[in-house]
Every structure is written in structure tokens, then in C-alpha cells.
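Structural overview
Here's the letter readout for the chains.
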Amino acid sequence: GSFVVADIGTTTIAMELYEENGKKLEQHVLPNPQRIFGADVISRIQTAENPMLAKQMQSLVKSALAEGVKKFAEKSDTIEEMYIAANTTMLYLLCGHDVQPLGYAPFQADYLQSEELRIGEIKAVTLPGLSAFVGGDIMAGILASGMHKSEEISLLIDLGTNGEMVLGNAEKLLACSTAAGPAFEGMLQAQGKAVWGADIVEY
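Presented here is a report on the structure given in the accompanying data block. None of the values given here were measured: they were computed from a predicted structure. (Residues numbered from 1 in each chain as written. Predicted model: local features only at pLDDT ≥ 70, side-chain atom pairs only at ≥ 80, totals over all residues. Heavy atoms only, no water.)

1. With respect to the nonpolar core
Ranked by internal contacts, the top residues of the largest apolar core, which has 34 residues, are Ile 8, Ile 13, Met 15, Leu 65, Met 82, Ile 84 and Leu 94. Breaking this core down by element, the ones donating at least two residues are β1 (2–8), β2 (12–19), α1 (41–47), α2 (51–72), β4 (79–86), α3 (88–95), β5 (116–119) and β6 (122–126). Top element by residues in this core is α2. It accounts for 6 residues. With near-sequence residues (within four places) excluded, Ile 13 lies in contact with Asp 7, Ile 8, His 28, Val 29, Leu 30, Pro 31, Asn 32, Pro 33, Val 61, Ala 64 and Leu 65. Of all hydrophobic cores here, the second largest spans 5 residues; its members include Val 134, Ile 138, Ile 142 and Val 166. (Core = buried A, V, L, I, M, F, W, Y, C linked by side-chain atoms within 4.5 Å. Buried < 20%, exposed > 50% of the residue type's maximum accessible area, 1.4 Å probe, protein only. Helix = DSSP H or I, 4+ residues; strand = E, 2+ residues; numbered from the N terminus. Contact = heavy atoms within 4.5 Å.)

Here you go:
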């Protein structure tokens, strides 16, 4: 069988298809269709105060994920599961939880555990999060890097619409986040053509 991994970013949704042995077969990147409701998580939270619009945001992102699965089905007819990483607000909107507690002090997140849902015909599992503004995408980065098992101190930086950093090692991890805006993920117009913001950052 094969499986799909997805990262629901505030601006961009990235999906990849893997064989059971870990071989990557295909990838699919598309804009997060919820962007019409605002460029950042705070504007999405404010929009979601209207239950009908919250439902619409949930439907849009589910449809976008299903679109990716449908594309992958051309490469593999044995897709069994999807694993989803995302910031806490994106996961709340996907799973249909009330996002209002995330947008106001004390920024309480009551749904940080892994959850199961259906995307099209397949089972999807979300990665657990850490707090209202440090989500399952950062948890995935911690686990993938192995920094939580290392004696050496490492720094993990995720520069997206939301910027997060994790510093530490096996003894202790410290995490923080900030609103970075869509500068790194958003599409920009440069010299008459569209380019990704990340592509014009010089190191």
C-alpha cells in the first residue's frame, strides 16, 4: 500500500505520496483555499466567529486535500491513509472545532491530541500539537530532526506565515512563535513573473 502526508500551511498546502517502504512517488502543492478569508491565523479565527463561514473553511480545505488524493490515485491505487501536520488553528478548522479560544488570552487549546477523520475515501490522522500557536507541524519537525533525543542543543526554525522556533535537546525543549506574514510562502510579482517569496531570500 501507499500513504499520503500533508502539511496544511496557512498559505500553502503541501502533499506527498509515499510507498510503504518510504519511497516518495509524487508531490502536490497548492494554495490554501482558505486564504480568501484572510492571510493569517488571526483573521481566520475572526472569520470563524461566523459558524457558516467556519464550515465553509472546513469544506474548502477538505476538498483541497481530496483533490490531492485524487491526483495521487493516478500513481497509486492502493492509498490507505493520510497523515496531516498543521498549525493548531488549521487543525481546529479542519476538524470543526471552535477556534475562538485560540485567538484570545489565555489562548487555551483543548484539542491538541491526534484525531481521525475522513478525506474522501481514506482515513486521515492528524499529528498532535503542543499549544495554541505551536502545532503538529512543529511536532513533526521535532520528531523528524531527532532533536528531542540529542544531547547536543539544536535550533529548529519554521519560517512560514507563522514563524516558530524550538531550541533544546533531550533534556529540555523551548518553543515560541510569531506572526511572520505570507512573505516567505506567498506568491510575489518580481520582474513581471510570479515567484515564491522564499526563492528570493539570499543566504
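There's plenty left to go through after this.
2. Quick word on the sheet that holds β2
Across the sheet, 6 strands lie side by side as β3-β2-β1-β4-β6-β5; this open sheet has mixed pairing. At either margin of the open sheet sits one strand with a lone partner, and together these are β3 (24–31) and β5. Each strand axis lies, on average, 25° off the axis of its neighbour in the sheet, ignoring direction. In this sheet, β6 lies alongside β5 in antiparallel orientation, the contact comprising 4 bridges. Residue Glu 116 lies in a different strand from β6, and its bridge partner there is Val 125. (Pairing = 2+ DSSP bridges. Axes fitted to C-alpha atoms, helices over the stretch in contact; angles between N-to-C directions.)

3. With respect to the packing of aromatic side chains
For the coordinates displayed, the defined rule picks out 4 aromatic pairs. Between the aromatic rings of Tyr 92 and Tyr 111, the centroid separation amounts to 5.7 Å while the plane-to-plane angle is 75°, which identifies the pairing as edge-to-face. Remark: Tyr 111 occurs in the loop between α4 (100–103) and β5 and Tyr 92 occurs in helix α3; sequence separation between them is 19 residues. With a relative accessible area of 2%, Tyr 92 lands in the buried category. When the centroid spacing of 5.8 Å and the interplanar angle of 70° are considered together, the rings of Phe 107 and Phe 133 count as edge-to-face. Taken as a pair, Phe 107 in the loop between α4 and β5 and Phe 133 in the loop between β6 and α5 (136–145) lie far apart in primary sequence, 26 residues in all. You can call Phe 133 partly exposed: its relative accessible area is 26%. Clustering of aromatic rings is evident, with ring pairs tying together Phe 3, Tyr 18 and Tyr 83. (Phe/Tyr/Trp six-rings, centres within 6.5 Å; stacked < 30°, edge-to-face > 60°.)

4. Quick word on the side chain of Asn 169
For Asn 169, the location among the structural elements is in the loop between β8 (162–168) and β9 (173–179). When residues no more than four places from it in sequence are discounted, the contact partners of Asn 169 are Met 147, His 148, Ser 150, Glu 151, Glu 152 and Ile 153.

5. Comments concerning the environment of His 97
Considering the arrangement of structural elements, one finds His 97 in the loop between α3 and α4. Look at His 97 and you get buried, because its relative accessible area is 18%. Taking the C-alpha atoms as reference points, His 97 and Gln 58, separated by 39 residues in sequence, lie 9.8 Å from one another. Excluding anything up to four places from it in sequence, His 97 contacts Tyr 92, Tyr 111 and Glu 115. At 2.8 Å, the side chain of His 97 and the side chain of Glu 115 are in polar contact. (Polar contact = N/O pair within 3.5 Å; in protein donor to acceptor, adjacent residues only side chain to side chain.)

6. A short note on the sheet that holds strand β7 (residues 154–159)
One open sheet holds the 3 strands; their spatial order is β7-β8-β9, and the pairing between them is antiparallel. Strands at the two margins of the open sheet, each flanked by one partner only, are β7 and β9. The mean inter-strand angle of the sheet, taken between neighbouring strand axes irrespective of direction, is 10°. Of the strand pairs in this sheet, β8 and β9 are connected by 7 bridges, and their pairing is antiparallel. Looking at β9, one finds that Gly 168 is bridged to Leu 173. Contacts from α5 reach β7, β8 and β9, with the element oriented near 145° to β7.

7. With respect to α2
The end-to-end C-alpha distance of α2, which contains 22 residues, comes to 32 Å, matching closely the 32 Å that a straight helix rising 1.5 Å per residue would cover. Along α2, the residues classified as buried are Met 57, Gln 58, Val 61, Ala 64, Leu 65, Gly 68, Val 69 and Phe 72. Looking down the long axis of α2, one finds its buried residues gathered within 140° of arc, a one-sided arrangement. In α2, those exposed residues whose orientation departs by more than 90 degrees from the buried face are Met 52, Lys 55 and Lys 70. (Expected span 1.5 Å × (residues − 1). Arc of directions from axis to C-beta.)

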